[in-house]
Amino acid sequence: MKLVIAAVGTKMPAWVEAGYAEFAKRLPRDCPLELLEVKAEPRTTGKTPAAMMAAEAERLRAALPARRRLVVLDERGDDISTRQLAERLQKWMGMGDDVAFVIGGPDGLDPALKAEAQERIRLSSLTLPHAMVRPLLAEALYRAWSLVNNHPYHRE
């Protein structure tokens, strides 16, 4: 099984790339984490936010693996604990399909793409900078993996 983070936006600040890379490299070969970036729709074209989100959704769909469980990050998604994420990770590993976590652009995710998802989760009730989601999600996935595998990284 492969974990995929598909995110709208390219050319992130160095701290975002470094934070993501730090946790992605910690995951083992049998549970790799891959980042797929898609170009954000330009905000200067006069398109409506709905039209921009629809265009970004098409790019995301094209980038995603064919066989995957789709999990969107959404501020109204399930508020889950680290232990619950670990339980879901263990279940997903047993299913065998890749798991794709989708992060929308500045305006969010297209409602049609959200409707296609098998799961919707949120990372926090706080409002976070868009760029911070990648390293935060990578760390959360590594922490969940460490719980599943009795690795000492996570402490309660």
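Quick caveat, the model's predicted, so the values are computed rather than measured.

### Quick look at the nonpolar core
- Among the nonpolar cores identified, the biggest contains 30 residues, and Leu-3, Leu-33 and Phe-101 are the most heavily contacted of them.
- The element that contributes the greatest number of residues to this core is helix 5 (residues 133-148), accounting for 10 residues.
- Excluding residues that lie within four positions of it along the chain, Leu-3 makes contacts with Leu-27, Cys-31, Pro-32, Leu-33, Glu-34, Leu-89, Val-99, Phe-101 and Leu-141.
- If you look at the next biggest cluster of nonpolar residues, it comprises 15 residues, including Leu-60, Leu-70, Ala-100 and Leu-113.

### Brief notes about the sheet that holds strand 4 (residues 98-103)
- Reading across the sheet, the five strands line up as 2-1-4-3-5 and stay open at both edges, with parallel pairing between neighbours. A strand with exactly one partner marks an edge of an open sheet, and here the two such strands are strand 2 (33-38) and strand 5 (119-122). Averaged over all adjacent pairs, the angle separating strand axes in this sheet is 30 degrees, with direction ignored.
- When strand 1 (residues 3-8) meets strand 4, the two strands line up parallel, connected through five bridges.

Rules and cut-offs
- Residues numbered from 1 in each chain as written.
- Predicted model: local features only at pLDDT ≥ 70, side-chain atom pairs only at ≥ 80, totals over all residues.
- Heavy atoms only, no water.
- Core = buried A, V, L, I, M, F, W, Y, C linked by side-chain atoms within 4.5 Å.
- Buried < 20%, exposed > 50% of the residue type's maximum accessible area, 1.4 Å probe, protein only.
- Helix = DSSP H or I, 4+ residues; strand = E, 2+ residues; numbered from the N terminus.
- Contact = heavy atoms within 4.5 Å.
- Pairing = 2+ DSSP bridges.
- Axes fitted to C-alpha atoms, helices over the stretch in contact; angles between N-to-C directions.

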